[in-house]
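# Coordinates in review
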Amino acid sequence: MSNPSSTSSSNPMGEKPQTVKVALLTIIILLCVGLPLSTLRGSLENTSGRSKTITPVFSYLDRNNPRDPEAIFLGSSRFVSCIKTDLFAKLSGMEPSKVLNLSADDGGSWEELLLARKYPSMFYASPLVIIEVEPWMFNKNLIYPTNKKLYPFSPHFYIWATLQERFEYPDPMMKLLLIADYIWPFSERRSLNDWVSVIQSIINGRYVEPHLSIPTFQYNLEEFQSLAKSPIFFAQNIAQDHMNNYEFAKHKAEYLKHLIHLAEKKSKKIILLQPPVRKKYMDVIYNNSKYAEGYIQYLRFIHSLENDNIHSIIWETPKDCGLNESVFVDYGHFNLKSAYIFTQRLFNEMKNRGII
């Protein structure tokens, strides 16, 4: 009887260590590539400018390095449209270059915090910070109006969210996704041509064109009419998206509290301002019990932040600040003339309250 050949025998136990070695090596390679890429993603964004809203603002601040600002405005496109820094500077006796409106389209409580975190010395220096607050900024189930999808955070959250913010994100599945992206930044996927363009930009020192957000619809008739006629931005439509299945997002509230903590360190007066919207927008809120309950919870939170240095101004409709609905282009963005009037009203309100 012949013995079976030793060369034909299998050794599954011997293969297991080899498989483990390959897996470990793969993980090490991924970490060696992923972690540096994660660390450098902010620099990549400075050249590629995937975020069309907030990266140009960062580029502006990096390029101009404004020192000792006297007033800083933070908010969304609504603040972009209703605040005129040249008039505010004139009324306040400040140099125009010392009044900064750093608001950006789709800006919320995290974007406001991000600016303060990236440029802390600028915020420490400013004696006055005006922060836009809106009920939608704290809705966990906000729907993005243009595509009708849930809007948990902006794409640039992948770029600049800290590891701690990712761990603290309330949704378990999204938390895992965010943490995984921090270790291996799959959100930085690009085509070969895009990578070539980014590398060329870095080599040639080309960066995103710096500018603060501009309400171009205030200066362009075609854009003005398009915004005014868009059903997406009709008051009753966008209010439904903003207040969709309203659930107060505690993590978004924490962003605002952290921002206030940063801004409070060296001063100062902090204003939490809710600019007005059309009455039809507020009617949607007050005529829906769930929306109204969420709105009241939001207001309680804002008022809970008040102290000797922190003040809130809640203007629900134009009537609250002595205006009418002719100020609006759509549900709540201001036309050019009315932006100057609103800025005057805001200054008067702050002066009457003894804030400035």
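These remarks concern the structure in this document. (Residues numbered from 1 in each chain as written. Predicted model: local features only at pLDDT ≥ 70, side-chain atom pairs only at ≥ 80, totals over all residues. Heavy atoms only, no water.)

With that settled, consider the pairing of strand E1 (residues 71-74). By the alternation rule, side chains of E1 split into Ala71 and Phe73 and Ile72 and Leu74, which are all buried. Pairing analysis gives three bridges linking E1 to strand E2 (residues 99-101), with the strands arranged parallel. Each residue of the ladder has a partner; that of Ala71, found in E2, is Val99. Sheet topology note: the E1/strand E3 (residues 128-132) ladder contains three bridges and is parallel. (Buried < 20%, exposed > 50% of the residue type's maximum accessible area, 1.4 Å probe, protein only. Helix = DSSP H or I, 4+ residues; strand = E, 2+ residues; numbered from the N terminus. Pairing = 2+ DSSP bridges.)

What follows concerns the packing of aromatic side chains. Under the criterion given, the structure shown has 21 aromatic pairs. Between Phe73 and Phe79 the ring centres are 6.2 Å apart and the planes differ by 70 degrees, which places this aromatic pair in the edge-to-face class. Judged by its relative accessible area of 0%, Phe73 falls in the buried class. Here a set of aromatic residues connected by ring pairs shows up, and it is made of Trp110, Phe153, Phe157, Tyr158, Tyr169 and Phe186. Lys118 extends its terminal NZ or CZ atom over the ring of Phe58, reaching a point 4.9 Å from the ring centre. (Phe/Tyr/Trp six-rings, centres within 6.5 Å; stacked < 30°, edge-to-face > 60°. Lys NZ or Arg CZ within 6 Å of the ring centre and 35° of its normal.)

This paragraph deals with the packing of helix H2 (residues 55-64) against helix H5 (residues 109-118). Across the interface, H2 lies against H5 with an axial gap of 12 Å and an inter-helix angle of 20 degrees. One finds that H2 runs roughly parallel with respect to H5. The two elements H2 and H5 cross, and the hand of that crossing is right-handed. Contact residues: Val57, Phe58 and Leu61 in H2; Leu114, Leu115 and Lys118 in H5. (Axes fitted to C-alpha atoms, helices over the stretch in contact; angles between N-to-C directions. Parallel < 35°, antiparallel > 145°, perpendicular 65-115°, else oblique. Left-handed = near helix turned anticlockwise from the far one by under 90°. Contact = heavy atoms within 4.5 Å.)

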